[in-house]
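# Observations on chain architecture
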Amino acid sequence: MRIDIVTLFPELCDTFLSASILGRARAKNLFETHCHQIRDYTLNKQKQTDDYPYGGGCGMVLYAQPIADCLRAVQAQCREQGRAAPHIVFLTAAGAPYDEAKARELAQYDAVTLVCGHYEGIDQRVIDAFGDEEVSIGDYVLTGGELASLVVADSVLRLQPGVLAEEKGYQDESYWDGLLEYPQYTRPEVWEGRAVPPVLLTGDHQKIEVWRGEQSRIRTRTRRPDLYDQWCATHPLTELPKWKRGENMRLVKTEEQWQRAAELAAEGRRAVGAPVGTPDVLASLTAEALLPQLLQQHKDGWAFYLHFTKNVPDGMVGVCHRTGRIGCLFVTEVSRGKGIGAKMLDFARKKLPEHTNPTLTVLNTNTRAIALYKRMGWVPAGTEAVYDPAKDAFCAVYCEELRMSYRPPVNDFVSADQQC
Ligand code: 6GU
């Protein structure tokens, strides 16, 4: 990616972009930044960049011409590099509010050009002629757009691959999306009479994760009720999914239903096993091979349910009343991404009211499923099995089968007081 900043203070912007994390990432060629002096594109002898506003009023307004010529030069540079035309953003206090969603959107472009306003503003005609959008970084007034352009550049560039190497795993960890960060602590354990919360010293990563989730939710609810409401609306932990018309769950009873369950289980096992199983093992996961396994599980106390969309079976889930386990949670390829998995998991859990903390297992490679389970209130509860190609002929790469356990949502209102 390439970011260009069009400004009256290119050295100032460049100093910021040369420092710290972004400076190191730029030195590694993870992206390019170029800061351009608007004054270099003036045509008058005095290199004047602004003038009095038509219609009167205080302050000065930046001329359209030098900004336009500077943008044309940036466009030409992008063309020479074989890039698409840059997406041009004007930073002005009158722009649309900037947020993380916008940062992610801008991060998708190959080239973004940020134009900094100054004084009272920019001649509207150059914004109309060149601007793809106008953004503001918040409800306060700055003397110029430089700090705003650096805020945008920083938030966009940190999303480029490799910039935050250690945090890579966090990027697709959707659990924290939309919540404020939990509090962090480092050495010493006691500082000026203040101790680190004891849970962080236990080394119990499951407990720590639960605590951090609670802290994030408490903080968000008390400090940013607007964000918390949004988060609740998109996270089934607090608002459970609803069945749609034409959608239902049926207990597997008939021969035809057992056959369909075996087919779904085969498709599901192959999808889950694809990244880790040997080709031989994947090929052996057929409906014919799985039907006897399902019937045996049924004998051992498992009940299986099929999910139907308009009478077409497109998902399955199994529950075991004896052990409180949930398993065989699969959705067909075409029906994925519609929340059916979440609904079936919720359905299965409610089929086990006698178990307060039902369990399930999931391969550590199935990150999408793990993220969903965490959002639904499930927490890691240990490792069920370890598969090692050196010892287990059926797997091609090392992987672990994780156990997860359902923990009812914490009561935020009780612990919120400790936080405020
Ligand atoms: Cl982008 N520019 C200025 N001048 N003030 C602002 C702003 C931008 N965003 C918030 N305040």
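Quantities reported herein were computed from a predicted structural model and do not represent experimental measurements.

This part covers the overall build of the chain. Helix and strand counts for the chain come out as 15 helices and 17 strands. Taken over the C-alpha trace, the chain has a radius of gyration of 28 Å; the compact-globule value for 420 residues is 22 Å, which it surpasses by more than 25%. Seen along its three principal axes, the alpha-carbon backbone of the chain occupies a region of about 90 × 55 × 50 Å. For the chain, buried positions account for 44% of its 420 residues. The long-range fraction of contacts in the chain, counting pairs at least 24 apart against all pairs at least 6 apart in sequence, stands at 70%. Of the accessible surface of the chain, which amounts to about 23,000 Å², a share of 53% is contributed by carbon and sulfur atoms. Across the chain, the mean location of the 48 positive side-chain charges is 5 Å away from that of the 55 negative side-chain charges.

On to the side chain of aspartate 4. Within the element layout of this structure, aspartate 4 appears in strand S1 (residues 2-7). With a relative accessible area of 0%, aspartate 4 lands in the buried category. A distance of 2.6 Å separates a polar atom in the side chain of aspartate 4 from a polar atom in the side chain of histidine 36. Residues contacting aspartate 4, with those up to four places away along its chain left out, are His34, His36, Val74, Gln77, Val112, Thr113 and Leu114.

Turning next to the site of the ligand. In the vicinity of the ligand, the contacting residues are Leu91, Thr92, Ala93, Val135, Ser136, Ile137, Gly138, Tyr140, Leu142, Gly144 and Ala148. Between the ligand and isoleucine 137, the relevant distance is 2.9 Å, taken from a nitrogen atom to a main-chain nitrogen or oxygen of the residue. Within the backbone of tyrosine 140, a nitrogen or oxygen atom sits 2.6 Å from a nitrogen atom of the ligand. When the ligand is considered free in solution it has 290 Å² of accessible area, and contact with the protein chains removes 94% of it. For the shell around the ligand, the secondary structure elements donating two or more residues are strand S5 (87-97) and strand S8 (133-136). For the shell around the ligand, the leading source of residues is S5, giving three residues. In the shell around the ligand, the residues fall into seven nonpolar, four polar and no charged.

Grouped together as the largest cluster of nonpolar side chains are 27 residues, with contacts concentrated most on Ile3, Ile5, Leu114, Val152, Val156 and Leu157. Of all the secondary-structure elements, those providing two or more residues to this core are S1, helix H1 (10-18), helix H2 (20-27), S5, helix H4 (100-107), strand S6 (111-116) and helix H6 (146-157). At six residues, the largest contribution of residues to this core is made by H6. Contact partners of leucine 157, with chain neighbours within four places excluded, come to Met1, Ile3, Leu17, Leu22, Phe31, Thr33 and Val163. Core analysis: the next-biggest nonpolar cluster, separate from the first, contains 25 residues, Ala303, Ile326, Ile370 and Leu372 among them.

Taken together, three strands build an open sheet; the order of strands is S3-S4-S7 and the sheet is mixed. Edge positions in the sheet fall to strand S3 (50-51) and strand S7 (121-122), since each has one partner strand and no second. Strand direction decides the pairing type here: strand S4 (residues 61-62) and S7, joined by two bridges, are parallel. In the strand pairing of S7, leucine 62 is matched with isoleucine 122.

Ordered in space as S2-S1-S6-S5-S8, the five strands form an open sheet in which the pairing is parallel. The open sheet has two free edges, formed respectively by strand S2 (32-37) and S8, since each of these has just one partner strand. When strand polarity is set aside, the average angle formed by the axes of neighbouring strands in this sheet is 30°.

Applying the stated criterion across every chain yields a total of six aromatic pairs. Here tryptophan 243 and phenylalanine 347 contribute two aromatic rings whose centre-to-centre distance is 6.2 Å and whose plane-to-plane angle is 85°, an arrangement assigned as edge-to-face. One end of the pair, tryptophan 243, is in the loop between helix H9 (225-234) and strand S11 (247-251); the other, phenylalanine 347, is in helix H13 (residues 340-350), with 104 residues separating them in the sequence. By relative accessible area, which is 39% here, tryptophan 243 ends up partly exposed. On the basis of an interplanar angle of 70° and a centroid distance of 5.4 Å, the ring pair of tyrosine 387 and phenylalanine 394 is categorised as edge-to-face.

Here the focus is the domain arrangement of the chain. If you check the domain split of the chain, you get domain 1 (2-169), domain 2 (190-234) and domain 3 (247-406). Each of domain 1 and domain 3 was reduced to a C-alpha centroid, and the two centroids are 49 Å apart.

Running from N to C, H4 and H6 cross one another at 70°; their axes reach a closest spacing of 8 Å. It follows that H4 is roughly perpendicular to H6 by the angle criterion. The handedness of the crossing between H4 and H6 is right-handed. Contacts from Ala103, Leu106 and Ala107 in H4 reach Val152, Ser155 and Val156 in H6. Of the residues in the contact of H4 with H6, the class split is five nonpolar, one polar and no charged.

A few words now on a nonpolar patch on the surface. Nonpolar side chains collect at one region of the surface, where Tyr140, Leu142 and Leu147 lie side by side and expose about 300 Å² of accessible area between them. Checked against the element boundaries, tyrosine 140 lands in the loop between S8 and H6. According to the relative accessible area criterion, tyrosine 140 is partly exposed, its value standing at 45%.

A few words on the side chain of glutamate 133. Relative to the assigned elements, glutamate 133 resides in strand S8. Exposure remark for glutamate 133: the relative accessible area of 17% places this residue in the buried category. There is a polar contact of 2.6 Å between the side chain of glutamate 133 and the side chain of lysine 102. Apart from the residues lying within four places of it in its own chain, the contact partners of glutamate 133 are His87, Ile88, Val89, Phe90, Lys102 and Leu106.

Conventions used here
Residues numbered from 1 in each chain as written. Predicted model: local features only at pLDDT ≥ 70, side-chain atom pairs only at ≥ 80, totals over all residues. Heavy atoms only, no water. Helix = DSSP H or I, 4+ residues; strand = E, 2+ residues; numbered from the N terminus. Rg over C-alpha atoms; globule rule 2.2 N^0.38 Å. Buried < 20%, exposed > 50% of the residue type's maximum accessible area, 1.4 Å probe, protein only. Contact = heavy atoms within 4.5 Å. Areas by Shrake-Rupley, 256 points an atom, 1.4 Å probe, with all protein chains shown as cover. Lys, Arg positive; Asp, Glu negative; His and termini not counted. Charge placed at Lys NZ, Arg CZ, Asp CG, Glu CD. Polar contact = N/O pair within 3.5 Å; in protein donor to acceptor, adjacent residues only side chain to side chain. Near = heavy atom within 4 Å. Nonpolar A, V, L, I, M, F, W, Y, C, P; charged D, E, K, R; others polar. Core = buried A, V, L, I, M, F, W, Y, C linked by side-chain atoms within 4.5 Å. Pairing = 2+ DSSP bridges. Axes fitted to C-alpha atoms, helices over the stretch in contact; angles between N-to-C directions. Phe/Tyr/Trp six-rings, centres within 6.5 Å; stacked < 30°, edge-to-face > 60°. Domains from an automatic or database assignment. Parallel < 35°, antiparallel > 145°, perpendicular 65-115°, else oblique. Left-handed = near helix turned anticlockwise from the far one by under 90°. Patch = residues over 30% accessible without salt bridge, like charges linked within 9 Å, V, L, I, M, F, W, Y side chains within 5 Å. Salt bridge = Lys/Arg side-chain N within 4 Å of Asp/Glu carboxyl O.

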